Amino acid sequence: MDKAISNDSPKFIDRVDAVQKVTGTAKYSAEYDFPGMVYGVLSESTIARGTITAIDTKAAENAPGVLAVITHLNCPKLPGYESTAADIAKRPEINRGFRVFQDNIVRFSNQPIAIVAADTYERAVYAASLVKATYKKDESHTDLNEAMKTGKPVEGNNFKDYIRGETDAWKTADVKIDVEYRMPLEVHNPMEIHALTVKWEGNDKLTVYEKTQTLSSTQQSIARAFGLKNENVHVITQFIGGAFGSAFNTWPHSIAALIAAKKTGRPLKLMLTRSEMFTMVGYRPQAIQRLAMGASKDGKLTGILHEATAMTASYQVFTEGIVNGSRSLYVCPNVTTRYKVYPLDLSQPTWMRGPGETTGAYGLESAMDEMAYALNMDPIEFRLKNYAETDPESSKPYSSKFLKEAYQLGADKIKWNDRNREPRSMKDGDWLIGYGMGSGIFSAWRGDAKVSAKFLQDGTLVLQSGVTDMGPGTATSMTKLASDIFGIPPSRIRFELGDSNLPPGPFQGGSGTTSTLGTAVHNVCMNVRKKLADLVKDNPSFHTELIHSVKPEDLVYEDGYMILASDRSRKISYADAMKSAGIPQIEMLESSPSNPMANHTAFSYAVHFVIVKVHTATGVVRVTRVVSAVDAGKIVNYKTAESQIIGSAVGGISMSLMEEGVVDHRYGRWVNNNFADYHVAVNADVPKVEVIFVDKPDPILNPIGSKGMGEVGLVGFAAAVGNAVFHATGVRIRELPITPDKLLVAIR
Ligand code: MOS
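Residues numbered from 1 in each chain as written. Predicted model: local features only at pLDDT ≥ 70, side-chain atom pairs only at ≥ 80, totals over all residues. Heavy atoms only, no water.

Student: It is not clear to me how helix α9 (residues 357–375) should be interpreted in this structure. Could you clarify?
Tutor: Turn by turn, an α-helix covers 3.6 residues, leaving residues three or four places apart pointing in a common direction. Over its 19 residues, α9 runs 26 Å from end to end, which matches the ideal 27 Å to within 8%, given 1.5 Å per residue. Extensive coverage of α9 is indicated by the burial of 18 of its 19 residues. Directly beyond the C-terminal end of α9, a positive phi value near 55 degrees is found at N376. (Helix = DSSP H or I, 4+ residues; strand = E, 2+ residues; numbered from the N terminus. Expected span 1.5 Å × (residues − 1). Buried < 20%, exposed > 50% of the residue type's maximum accessible area, 1.4 Å probe, protein only.)

This is the structure we're talking about:
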């Protein structure tokens, strides 16, 4: 970490956009209105696989207020789609993707088959219901269990086995387990539903207010599809009401809305329904994992076999690193990982908070708990016995690793050692009490980003970068960085984001935004400081016997002043520095490169402790306490960082006890595609969540010392809950979510 940042700076600032968010003045993508606005509503397929043989749009077209009904039969040609159609047809079916309204093929149930544009939302909904398609229906397959028996997995480089040492080593170990864990389909359900508002200007230029985690990719994919220049696609995303990976792609509904807006020549708004969130914007793929593990009697791991089987869409492969954590988290000479995915007739899955790692850590960290019990060891002692001091996969040193410290901090806080380790030994009336823990690992990295800075004579600073904020408070943490560097209050700093016209920032995701953008902000602010010092290098304010020409390192930057470190009575305000030099403002653009990390590997770590109680008569599980201890490097802004981890805990409680997407395999259709039936944790399900940060800077990854925390808070959490349920009841449930029906009989 750069010494420029004072250790005395406050630990956090409040969210810079808090008032806008809580008073409803923050504008989301569906909240822009223009004169002549029309509304887009999708019609969707009623079969999961087959072809559309006829589509009757007469009634819809004649319905009141309808301006256009677009299907594959009358869809205007998209230059980008036309020019690449032949290439795409040559690809294997599994990699052709789905381009809306380009053919009559039905790939999944509730696939968009038409879009209706009408002058009111209600009229559009009504007209869309009048579109009637006739199909040639093919047999659909949406059941992963069935596919594993009768189907063929996808082939390719992503599916090569990883083998370190001997695959079968676990089999001959003193102590071993061989178990299977199951995780269902889990659906992105951020509070803000995906939406966009589109306004074309003529045929070759448009502005789109779109829910996206990546302005530049959204800009590029729209430009490509419609054959436009990038700069003619203006993407604006001022606020996002939560996203966990669903807002990276430019999904078919967005392209459909763009087509309809162009066709009608009117500004158009399309907002998905909650049920459409289940089919239009991806989800976490279902996965079945086998964990076989062996250890010596004294608790040294001798073999790990981690096999994951997941699903993808029949038209688009999606892969994620489910098994990767098992190669890196513990020292073990013999590790084999295998990963397979089967194509199903469902819409395509996508990244979802801790993609891969979250799923994999559920398996690995549950298995570690099972092994600890098989060895009659404390689960933390077992983990410490196999603690990796260098990365076992790459043999490279870590940029930093303070997982041991996290174990200690978390265990102390929850009084881990005071519990009775014996399963089903702790009780409170009708409730069985259990303690559980699980660790998380997630890659830390740093990409490239541009940010501009404008320092004005009135002592205010404007920073700009084309990044979006899906919730964590990016503008706030960047403001905090700049505030510390200049020693000026956050109220004098404005961080502007959410607009593709700004200097291109990073995408928001992969737990890399703070590291990536924070580096750019740090660098540009340091350069502005140098420039300020330059302005006054011969200023008499600083002349002493020792210093005649002041250098940046001679100065401290506090309260809007440059102060001579060796004689604090000598100082000049930033404003006076600019005034005396006759400069109205300092403007700089920083291009901060990625850090390729050739000699190190970098991860963030977390350890989650939970206490549960399980009701003996009903099998109901309540999480009563959560302590998450996190090594995310130096914490940039404590308040928003803590909120990130609290949010992960809420997601983790949801995942372990409630979330389950159910598909009726007879029809390939979602059964519980609504919030009444797809359960997520609400306030009443969430206890006090205590967050502890190790808060030690990473010296390698970037100058701010921060790693990343967007995802690691969820990685390993579900295992902690499952492990606590085992400790409470003596019953191991190896399938999420852990619902009362699974426990009821077993715990009687
Ligand atoms: Mo995330 S899965 O990088 O939004």
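Student: Looking at this structure, I do not really get the sheet that holds strand β11 (residues 206–210). What am I missing?
Tutor: Sheet strands pair by backbone hydrogen bonding; their relative direction is either parallel or antiparallel. The seven strands are arranged β3-β5-β1-β13-β10-β11-β12 in an open sheet whose pairing can be described as mixed. Strand pairing shows two members of the sheet lacking a second neighbour, β3 (66–71) and β12 (233–236), which therefore form its edges. Strand-to-strand, the axes of this sheet are offset by a mean angle of 20 degrees, without reference to chain direction. Here strand β10 (residues 195–200) pairs with β11 via five bridges, running antiparallel. In the sheet register, L196 faces β11, and the bridge partner there is E210. Of the strands in this sheet, β10, β11 and β12 touch helix α6 (residues 215–226), which is tilted by about 145 degrees from β12. (Pairing = 2+ DSSP bridges. Axes fitted to C-alpha atoms, helices over the stretch in contact; angles between N-to-C directions. Contact = heavy atoms within 4.5 Å.)

Student: It is not clear to me how the environment of L272 should be interpreted in this structure. Could you clarify?
Tutor: Summarising the element assignment, L272 is placed in the loop between β13 (268–271) and β14 (283–284). On the basis of relative accessibility, which here comes to 3%, the residue L272 falls in the buried class. C-alpha separation for the pair L272 and G50, spaced 222 residues apart in sequence, amounts to 24 Å. When sequence neighbours within four positions are dropped, the list of residues in contact with L272 reads L42, I193, H194, H253, M277, M280 and V281.

Student: What is the right way to read α6 from this model?
Tutor: With 12 residues, α6 ought to run about 16 Å at 1.5 Å a step, and its terminal C-alpha atoms sit 17 Å apart, in line with that. Listing the buried residues of α6 in full gives L215, T218, Q219, S221, I222, A223, A225 and F226. The elements touched by buried residues of α6 are α3 (79–90), β10, β11, β12 and α7 (252–264). Immediately downstream of α6, the backbone of G227 shows phi near 65 degrees, a positive value.

Student: Help me out: how do you make sense of the side chain of D631 in this one?
Tutor: Inspection of the secondary structure puts D631 in strand β28 (residues 621–631). Reaching out from D631, the side chain makes a polar contact with the side chain of K707 at a distance of 2.9 Å. (Polar contact = N/O pair within 3.5 Å; in protein donor to acceptor, adjacent residues only side chain to side chain.)

Student: Would you mind going over the nonpolar core with me for this structure?
Tutor: In a soluble, globular protein the nonpolar side chains are often hidden away together inside. Counting residues in each nonpolar core, the largest one holds 90 residues, and the members touching the most others are M293, F382, F609, V610 and V612. Residue contributions to this core peak at nine residues, all from strand β27 (residues 603–615). When neighbours within four sequence positions are excluded, M293 is seen to be in contact with W170, V175, K176, I177, L301, G303, I304, L364, A367, M368 and M371. In this structure, F455, V521, M526 and V550 belong to the second largest nonpolar core, which totals 43 residues. (Core = buried A, V, L, I, M, F, W, Y, C linked by side-chain atoms within 4.5 Å.)

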